[in-house]
Structure formats: C-alpha cells, structure tokens
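What follows is the residue order along each chain.
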Amino acid sequence: MIKTFLKMILLRDVIKPLMIGLKCCFTKPVTRKITQIKRAGKFRDGFSINKNKCIRCGLCEGICPNKSVVLRGHEIPVFNFDKCCYCGLCQKVCPKLAIKIKHLKSSDN
Ligand code: SF4
Ligand code: SF4
C-alpha cells in the first residue's frame, strides 16, 4: 500500500514535471522577446486628420467615450492619445471622412 502510494507521489511530483520540463527544452518558446515582435501597426500613432475636409462639426468630440478629442474654437480637433482607447468611433461618426485611423476602415467597429 505504502509502496504504491510512494510510487504515485514519485510519478506525480517528480517524474511528470521532469518530463514536462524536458519536453519544453526541445520545443519553441511560447513567448517572444519584445525585439522579435514586429510592429503590428495597431498603435495610436496611426491617426491623421484632413484639415481641408473637416467642417469643425464637433461630432468626433461628442462621441469620444474617453474625451480624448478636443475641439477649440474653429481649429481642427486635437487628439489626446494618452486617453484614446482606439475604438474608432470618431472615424466612424465623421460626416466628411476627415479622420483616418490606420488599419481601421470606416466600416469597421
Ligand atoms: S478612437 Fe475612440 S477613444 Fe480614440 S479619439 Fe477616437 S473616439 Fe476617442
Ligand atoms: S467629426 Fe469630422 S468633420 Fe466633424 S469635427 Fe470631427 S473631424 Fe471634423
């Protein structure tokens, strides 16, 4: 009885983890170093606004859930990327298609 129990403990706590460790030594790592990750392009730097198309309607400012779009007077909207969650609503709501977010089409969301 004790012998069987010890065998079970040995198998469960020593041999099995050892086998898993050995297996991992010969497989590719699941994680990648940050330098190995190519820029996917889904960063918040992909915003552009067409000054000529913008009619300063303020819809982008109104719809932004994080209040990261600010419209001052008759200037074009200013984006605060610290607050932006990249939802794309501002691009979607713009009646003049003045906002372009890389990798997000107007039909996305
Ligand atoms: S993508 Fe979303 S959070 Fe970012 S500025 Fe536009 S509406 Fe605001
Ligand atoms: S929704 Fe479009 S047109 Fe209106 S203020 Fe924003 S960028 Fe300009």
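No experiment lies behind these values; they were computed from the predicted model shown. (Residues numbered from 1 in each chain as written. Chains lettered and ligands numbered in written order. Predicted model: local features only at pLDDT ≥ 70, side-chain atom pairs only at ≥ 80, totals over all residues.)

Student: Would you mind going over the overall build of the chain with me for this structure?
Tutor: On a plain count of helices and strands, the chain comes out with 3 helices and 4 strands. Buried residues in the chain amount to 10% of all 109 residues. Long-range contacts, defined as pairs at least 24 residues apart, comprise 48% of the intrachain contacts of the chain with a sequence gap of at least 6. (Helix = DSSP H or I, 4+ residues; strand = E, 2+ residues; numbered from the N terminus. Buried ≥ 20, exposed ≤ 12 C-beta atoms within 10 Å, placed from the backbone. Contact = placed C-beta atoms within 7 Å.)

Student: Help me understand the confidence of the model for the chain in this model?
Tutor: For residues with low pLDDT, the predicted coordinates do not support detailed interpretation. This prediction gives the chain a mean pLDDT of 82; 82% of its residues lie at or above 70. The least confident element of the chain is helix α1 (residues 2-25), whose mean pLDDT is 84; the most confident is helix α2 (residues 59-63), at 95. (pLDDT = per-residue confidence, 0-100.)

Student: Got a minute to help me understand the site of ligand 2 in this structure?
Tutor: Around ligand 2 lies a shell of 15 residues, among which Cys54, Cys57, Leu59, Cys60 and Cys94 are the nearest. For the shell around ligand 2, the class distribution of residues is 12 nonpolar, 1 polar and 2 charged. (Near = placed C-beta within 6 Å. Nonpolar A, V, L, I, M, F, W, Y, C, P; charged D, E, K, R; others polar.)

Student: Would you mind showing me how to read unusual backbone geometry here?
Tutor: When glycine is set aside, most residues are seen to have a negative phi, and most peptide bonds are trans. Phi at Lys67 is positive, roughly 55 degrees, even though this residue is not glycine. Locating Lys67 in the fold gives a position in the loop between α2 and β2 (69-70). Overall, the presence of 10 C-beta atoms within 10 Å leaves Lys67 in the exposed class. In this model, Tyr86 sits at a positive phi of 65 degrees, which is unusual for a non-glycine residue. Within the fold, Tyr86 resides in the loop between β3 (78-79) and α3 (89-93).

Student: Looking at this model, I keep getting lost on the nonpolar core. Mind explaining?
Tutor: One broad rule of soluble globular proteins: the nonpolar side chains tend to lie buried together. Cys60, Cys64, Val69, Cys90, Cys94, Ala98, Ile99 and Ile101 together form the largest nonpolar core, which totals 8 residues. Those residues in contact with Cys90 that lie beyond four places of it in its chain are Cys60, Ile63, Cys64, Val69 and Ile99. (Core = buried A, V, L, I, M, F, W, Y, C linked by C-beta atoms within 7 Å.)

Student: I'm lost on the environment of Asn80 in this one. Help?
Tutor: Looking at where Asn80 falls in the secondary structure, it is placed in the loop between β3 and α3. Taking the C-alpha atoms as reference points, Asn80 and Lys67, separated by 13 residues in sequence, lie 8.4 Å from one another. If near-sequence neighbours (up to four positions away) are discounted, Asn80 is found in contact with Ser68 and Val70.

Student: Help me understand α1 in this model?
Tutor: Since one α-helical turn is 3.6 residues long, residues separated by three or four positions face the same way. The terminal C-alpha atoms of α1 lie 33 Å apart, and with 24 residues this matches the ideal 34 Å at 1.5 Å per residue to within 8%. Residue Leu11 marks the point of greatest curvature in α1, where the axis turns by about 35 degrees. Counting buried positions over the 24 residues of α1 gives 0, only a small fraction of the element. (Expected span 1.5 Å × (residues − 1). Bend = angle between axes of the 7 residues up to and from the residue.)

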